[in-house]
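Per-entry structural report
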Amino acid sequence: MGHVGRTIDWADGTVVIVDQCALPAEHRLLRLATVDELIGAIQRLAVRGAPALGAAGALGVALAAHRHGADTAAVHADAGRLATARPTAVNLRWGVERALTKLPGGAEAVLAEALAMLDEDERVNREASAHAARLLLGTCARRPLRLLTHCNTGRLATVDWGTALGVVRHLHAEGELEYVLADETRPLLQGARLTAWELAEEAIPYRLLPDAAAAAAMARGLVDGVVVGADRIAANGDTANKIGTYGLALAAARHGLPFVVVAPSSTVDASLPDGGAIVIEERAPEEVTHVAGNPVAPKDAAVFNPAFDVTPVDLITAVVTEHGVVAGTAR
Ligand code: MRU
């Protein structure tokens, strides 16, 4: 299968997204004509991943500006609801706020800014992932590299290209990658449904593994380095990412493996000195008590279902953005 276009874009006055709830069974596009439709898509993860959420925030403000015209109070009200549709990825609020700066110029000015942000997203993620690929090649002795990753950080999580999976794409293109171990990523299976789909589409060698097998893979010597994305990076480098990331960092440290975070600088929240104040989204119990709609736990089982965790910077070899290494023990 060839390249299928951007994950999120603007067409005919609507926001068009690849419906990530339908993958891998079906690759289909959704046209979202209102901010409420976009918020619904964000909350059910039809569009997801921090950089893609930044683009969604910006395009959502463009939708609101086109709909409400000169009623800027109504645009600001929509923007406020959009910015809080999911709490952890700072990119969503960043995208909304940056697009809002153009509101005095009218709806077309907002849209032009949002579209520029889409182009920029692909460029900065290519740069960040190229930096991280160089870093891993400089850190790991073995060739070709065997990497482990978590969640989905590919072009489905961005406008195009990807962050941690962008590193994989760079290394594969250079003949420097043996394989990727892709965590399935419980409970919503972004690794199994989305990362495996992207890797298969590009014929990049991979094996899917249960999250619980990641430490065992490291212990067996099957991993040269771990590369993940981020949803919010505090000023000191503490990093919020998909639940399970912290455990991977602990295991990587135990096995002396580099643990690299790759993200655009829009994921850095300089207002937070450390990760302690990052708001962690808690999602519905049914995501844990049910699998594919079928109950797998006693009725009314109590559930702990945080969507993200925070990895302290002392467990991170490098936090890499388009500006290079900005935090981590290798800095
Ligand atoms: O809940 P999700 O699927 O939006 O979580 C996504 C992640 O945690 C990604 O690792 C992160 O956004 C980085 S995407 C390049």
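Residues numbered from 1 in each chain as written. Predicted model: local features only at pLDDT ≥ 70, side-chain atom pairs only at ≥ 80, totals over all residues. Heavy atoms only, no water.

- You'll find the chain entered in an unreviewed UniProt entry as Methylthioribose-1-phosphate isomerase, with Prauserella flavalba given as the organism.
- Reading the Catalytic activity (unreviewed entry) entry of the UniProt record for the chain gives the comment "5-(methylsulfanyl)-alpha-D-ribose 1-phosphate = 5-(methylsulfanyl)-D-ribulose 1-phosphate". (UniProt positions renumbered as here; feature names shortened; annotations may be inferred.)

Structural notes on the site of the ligand
- Every one of the 17 residues lining the ligand counts as a neighbour, but Arg 48, Arg 86, Asp 231, Asn 241 and Lys 242 are closest to it.
- A distance of 3.1 Å separates an oxygen atom of the ligand from a polar atom in the backbone of Gly 49.
- The side chain of Asp 231 places a nitrogen or oxygen atom 2.8 Å from an oxygen atom of the ligand.
- Considered on its own, the ligand offers 420 Å² of accessible surface; in the complex 99% of this is hidden by protein.
- Breaking the shell around the ligand down by element, the ones donating at least two residues are α2 (50-68) and β9 (239-242). (Near = heavy atom within 4 Å. Polar contact = N/O pair within 3.5 Å; in protein donor to acceptor, adjacent residues only side chain to side chain. Areas by Shrake-Rupley, 256 points an atom, 1.4 Å probe, with all protein chains shown as cover. Helix = DSSP H or I, 4+ residues; strand = E, 2+ residues; numbered from the N terminus.)

Here's the deal with the pairing of strand β10 (residues 259-262)
- Side chains Phe 259 and Val 261 of β10 all project onto a buried face; the interleaved residues Val 260 and Val 262 project onto the opposite face, where all are buried too.
- Relative to β10, strand β7 (residues 225-228) is paired through 3 bridges, and the arrangement is parallel. In the strand pairing of β10, Val 226 is matched with Phe 259.
- Pairing of β10 with strand β15 (residues 318-321), which is carried by 3 bridges, proceeds in the parallel orientation. Residue pairing in the sheet places Val 262 in a bridge with Val 320 of β15. (Buried < 20%, exposed > 50% of the residue type's maximum accessible area, 1.4 Å probe, protein only. Pairing = 2+ DSSP bridges.)

Concerning helix α1 (residues 35-43)
- All of the buried residues in α1 are Val 35, Leu 38, Ile 39, Ala 41 and Ile 42. One face of α1 carries all of its buried residues, which in axial projection span an arc of 160°.
- Looking at the buried residues of α1, the elements they touch are β2 (14-18), β3 (29-32), α2, α3 (72-83) and α4 (90-100).
- Looking one or two places after α1, you find Leu 45, whose phi comes out positive at around 65°. (Arc of directions from axis to C-beta. Contact = heavy atoms within 4.5 Å.)

A look at the packing of aromatic side chains
- Under the definition given, this model contains 0 aromatic pairs.
- Taking NZ or CZ as reference, Arg 126 lies 4.1 Å from the ring centre of Trp 161, over its face.
- The ring of Phe 308 carries the charged tip of Lys 242 above its face, separated from the ring centre by 4.4 Å. (Phe/Tyr/Trp six-rings, centres within 6.5 Å; stacked < 30°, edge-to-face > 60°. Lys NZ or Arg CZ within 6 Å of the ring centre and 35° of its normal.)

Things to note about the packing of α4 against helix α5 (residues 107-139)
- Where α4 contacts α5, the axes come no closer than 8 Å and their chain directions differ by 135°. Taken together, the axis directions place α4 and α5 in an arrangement best described as oblique. As α4 packs across α5, the resulting crossing turns out to be right-handed. Two secondary-structure elements touch here, α4 through Trp 94, Gly 95, Arg 98 and Ala 99 and α5 through Val 110, Glu 113, Met 117 and Glu 120. (Axes fitted to C-alpha atoms, helices over the stretch in contact; angles between N-to-C directions. Parallel < 35°, antiparallel > 145°, perpendicular 65-115°, else oblique. Left-handed = near helix turned anticlockwise from the far one by under 90°.)

Here we look at the nonpolar core
- By size, the foremost hydrophobic cluster in this structure holds 42 residues, and its most contacted members are Ile 8, Val 15, Ile 17, Ile 42, Leu 59, Val 61 and Leu 82.
- At the level of secondary structure, the elements contributing two or more residues to this core comprise β1 (8-11), β2, β3, α1, α2, α3, α4 and α5.
- If you look at the next biggest cluster of nonpolar residues, it comprises 25 residues, including Leu 148, Ala 230, Ala 263 and Val 319. (Core = buried A, V, L, I, M, F, W, Y, C linked by side-chain atoms within 4.5 Å.)

Quick word on the UniProt feature "binding site: substrate" (unreviewed entry) in the chain
- Listed under "binding site: substrate" (unreviewed entry) in the UniProt record, and renumbered for this structure, are Arg 48, Gly 49, Ala 50, Arg 86, Gln 190, Asn 241 and Lys 242.
- Looking at the element boundaries, Gly 49 is found in the loop between α1 and α2.
- The class of Gly 49 is buried, set by a relative accessible area of 11%.
- The residues touching Gln 190, leaving out its near neighbours within four places in the chain, are Leu 45, Arg 48, Cys 151, Asn 152, Glu 184, Thr 185, Thr 195 and Lys 242.

A closer look at the side chain of Asn 91
- For Asn 91, the location among the structural elements is in helix α4.
- Taking relative accessible area as the criterion, Asn 91 reaches 1% and is therefore assigned buried.
- Within the structure, the side chain of Asn 91 is placed 3.2 Å from the side chain of Ser 266, a separation counted as a polar contact.
- Leave out the neighbours within four places in its chain, and Asn 91 touches Ala 50, Pro 51, Gly 54, Asp 231, Pro 264, Ser 266 and Thr 267.

Considering the sheet that holds strand β11 (residues 268-269)
- Read across the open sheet, the 4 strands follow the order β11-β8-β9-β14; overall the sheet is mixed. Both outer strands of the open sheet, β11 and β14 (308-311), are each paired with one neighbouring strand and no more.
- Along the sheet, helix α9 (residues 245-254) makes contact with β9 and β14, crossing β14 at roughly 35°.

Considering the UniProt feature "active site" (unreviewed entry) in the chain
- Mapped onto this structure's residue numbering, the UniProt feature "active site" (unreviewed entry) falls at Asp 231.
- Mapped onto the fold, Asp 231 is located in the loop between β7 and β8 (232-234).
- Exposure remark for Asp 231: the relative accessible area of 7% places this residue in the buried category.
- Contacts of Asp 231, omitting those with residues within four sequence positions, involve Ala 50, Thr 88, Ala 89, Val 90, Asn 91, Ala 240, Asn 241, Lys 242, Thr 267 and Phe 308.

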